[in-house]
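# Structural description and commentary
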Amino acid sequence: MPPKICLYSAGVVSVLLLIVSIALVLFQVFPNFLHSTIKKDIVLKNGTDVFEAWVNPSPPVYMQFYFFNVSNPSEVLKGENPSVTEVGPYTYREIRPMEQVTFLDNGNEISAVNPKTYIFEPNMSRGLEDDLIRTVNIPAVTVMEKFKDHSTISRLISAYMTSKNEGLFVTRKVGDLLWGYTDDLLNFLHTFSPELDPTFGLFYKMNGTDDGEYIFFTGKQNYTDFSRVAKWHDESNLEWWSTDQCNMINGTNAASFHPIISKDEVLYMFSSDLCRSIYALFEKELYVMDIPAYRFTPPREVFANATENPANAGFCVPAGNCLGSGLLNVSVCKQGAPIIMSSPHFYQADKKYVDDIFGMNPVKEDHETVIDVNPLTGFLLRAAKRIQVNVFVRKYSAFSQTGNVNDLVFPVMYLNESVIIDEGSARTVREVVTKGAIVINIPFFIMGLAILIGVIFIILVCKQRAPESTPAEQEPLLRS
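Here goes a summary of the coordinates provided.

Rules behind the numbers
- Residues numbered from 1 in each chain as written.
- Predicted model: local features only at pLDDT ≥ 70, side-chain atom pairs only at ≥ 80, totals over all residues.
- Heavy atoms only, no water.
- Helix = DSSP H or I, 4+ residues; strand = E, 2+ residues; numbered from the N terminus.
- Buried < 20%, exposed > 50% of the residue type's maximum accessible area, 1.4 Å probe, protein only.
- Contact = heavy atoms within 4.5 Å.
- Core = buried A, V, L, I, M, F, W, Y, C linked by side-chain atoms within 4.5 Å.
- Disulfide = S-S within 2.5 Å.
- 1 Å grid on protein atoms, 1.4 Å probe; cavity = no way out; pocket = protein on both sides within 12 Å on 5 of 7 lines; lining within 4 Å.
- Points joined across faces, edges and corners; volume = space filled by probe spheres on them.
- Nonpolar A, V, L, I, M, F, W, Y, C, P; charged D, E, K, R; others polar.
- Pairing = 2+ DSSP bridges.
- Axes fitted to C-alpha atoms, helices over the stretch in contact; angles between N-to-C directions.

## Some remarks on the overall build of the protein chain
For the protein chain, the helix and strand inventory stands at 13 helices and 19 strands. A burial count over the protein chain gives 48% of its 480 residues as buried. Counting only contacts in the protein chain whose residues sit at least 6 apart along the sequence, the fraction spanning at least 24 positions is 66%.

Rendered as structure tokens:
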């Protein structure tokens with residue numbers, strides 16, 4: 001082939017490659033191909049790596065408990081503000097495999113239970129399970145609330161509490177407060193009301209047990225449904241709240257998310273601890289173990305009261321009885337105990353609740369719930385679920401044990417359930433992300449090649465068109 005034909009063929013190839021690369025970029029051919037492949041691969045299907053990681057999560061999960069030790073109980077009974085000191089963390093390794101796994105509806109759904117076992121980690125804790133904590137006497141407050149309108153029973157209970165020297169505050173070991181102890185008052189009342197369990201613990205019956213059967217979507221029909229909760233306790237809706245919207249079960253169990261997540265997406269999660277669904281919004285981009293991630297956090301509106309967020313009116317229990325922003329009354333799903341949930345140190349709550357308790361110091365970095373997820377695979381890279389357990393305390397005229405205490409949302413403890421991807425899983429995700437980046441950038445590689453060939457073509461053409469000078473032209477114009 002003559003040199004000129006080769007030369008101009010290179011020019012044509014350069015133009016064609018440039019056009020093709022631009023078309024590939026404009027029509028998103030390779031990103032669409034990559035996303036289509038991932039959507040097909042990330043499905044809960046027996047025998048796949050995705051399914052194995054879902055059934056037996058490899059990254060370690062840790063549960064940290066922080067308690068608030070009351071330092072001025074006598075003054076609180078006189079109407080002064082409580083003063084508390086945060087102690088902890090008391091750290092437990094959490095083991096949470098999926099069990100009793102059964103595929104349903106031709107592989108479109110999957111049922112499972114998720115038992116959790118907690119193992120104390122003294123080396124990761126500031127204190128031992130035998131540490132004593134002075135806090136609100138939750139069984140007593142629950143009983144007072146339950147029988148406050150029954151004068152005869154109230155007097156009987158108050159007399160019994162006096163004889164046993166039981167009051168509004170109690171001192172107990174950390175292990176007892178968490179996993180359960182036999183309470184004298186509950187044991188006494190159990191004789192007359194067998195439905196009252198004589199044992200109390202914040203996590204009583206929650207170690208080595210599950211919170212009921214879940215039915216999840218596998219993502220087979222729609223990738224956005226990957227691991228989304230379809231039913232809990234064989235129900236597709238809750239029944240505790242007063243509106244259909246608030247009773248909806250939305251999202252995953254927060255252990256995994258669907259792939260191809262965008263920044264403008266709303267991540268929904270269902271939490272049986274909170275007895276409701278919540279959501280998180282994109283906050284920022286970051287890297288976790290050299291893996292790109294999107295951070296999602298619940299906005300203030302999630303726990304805002306009905307005045308700020310009318311959609312939350314259904315969470316006011318009884319209907320119309322709304323607390324301030326940042327609080328959730330879960331007594332309806334906690335056997336009537338006056339339990340109120342919030343973020344730790346009343347982060348994102350009305351300032352009143354912070355000011356009512358000496359020792360509250362809300363800090364965004366330490367007290368907000370965060371979810372760091374890889375947007376391509378939907379893999380959870382790092383997360384921290386932070387919830388505070390509070391008790392509503394007030395004066396009951398029939399119970400001298402409450403003294404002149406003010407109406408208070410009293411903090412008892414908060415938890416930080418955290419996870420970060422392990423090195424083995426991180427290596428796998430990095431490989432997927434790297435391969436994905438290569439696939440997506442193929443058009444730019446083609447574009448670069450086209451530009452390189454084009455530059456070479458221009459240089460060679462310019463050289464061909466520049467005629468060589470004759471000996472006469474090389475002579476100087478003037479001679480000496």
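## Quick look at the nonpolar core
Within the largest apolar cluster, 106 residues are counted, with the highest numbers of intra-cluster contacts made by W54, F65, F67, L202, F346 and F410. Broken down by element, the residue count for this core peaks at eight residues, all from strand 19 (residues 408–420). Sequence-distant contacts of W54, that is, excluding residues within four places in its chain, are made with L44, M98, V101, I110, A112, F216, S227 and S256. One finds V288, I291, I421 and A426 within the second-largest nonpolar core, a separate group that totals nine residues.

## Regarding the state of the cysteines
Taken as a whole and judged by the stated rule, the model has two disulfides. Here C275 engages in a disulfide with C333; their sulfurs sit 2.0 Å apart. The sign of the 90° torsion about the S-S bond sets the C275-C333 disulfide as right-handed. Highlighted residues: C275 in the loop between strand 12 (266–271) and strand 13 (276–288) and C333 in the loop between strand 15 (327–329) and strand 16 (339–342), separated in sequence by 58 residues. Of the residues examined, C275 reaches a relative accessible area of 2% and is grouped as buried. Under the relative-accessibility criterion, C333 is labelled buried at 12%. The disulfide bridge from C316 ends at C322, spanning 1.9 Å between sulfur atoms. Across the S-S bond of C316 and C322 the torsion is about 105°, and the bridge reads as right-handed. What connects to what in the protein chain, once the bonded cysteines are numbered by sequence position, is 1-4, 2-3. Sulfur of C246: no disulfide; nearest cysteine sulfur belongs to C316 and is 8.3 Å away.

## Re helix 5 (residues 138–147)
Of all ten residues that make up helix 5, eight are buried, and the element is covered over most of its length. Every buried residue of helix 5 is accounted for by I138, P139, A140, V141, T142, V143, M144 and F147.

## Comments concerning empty space enclosed by the protein
A complete count under the given rule lists four cavities of 30 Å³ or more for this structure. The space that makes up the largest cavity amounts to roughly 140 Å³. F315, C316, L323, L327 and L328 are, among the 17 residues lining the largest cavity, the residues nearest its centre. Per element, the largest residue contribution to the lining of the largest cavity is three residues, and it comes from strand 15. Classifying every residue of the lining of the largest cavity by side-chain character gives eleven nonpolar, five polar and one charged.

## Describing unusual backbone geometry
Residue P89 follows G88 across a cis peptide bond; omega there is 10°. The omega torsion across V317 and P318 is -15°, close enough to zero to call that bond cis. Here P318 shows up in the loop between strand 14 (291–297) and strand 15. One non-glycine residue, Q100, adopts positive backbone phi at about 55°.

## As for the sheet that holds strand 11 (residues 229–232)
Spatial strand order, 3-4-10-11: four strands in an open sheet with antiparallel pairing. At either margin of the open sheet sits one strand with a lone partner, and together these are strand 3 (99–104) and strand 11. The sheet shows a mean angle of 20° between the axes of neighbouring strands, direction not considered. For strand 4 (residues 109–113) and strand 10 (residues 214–217), the ladder comprises four bridges, and the chain directions are antiparallel. When the bridges of strand 10 are listed, E109 appears paired with F217.

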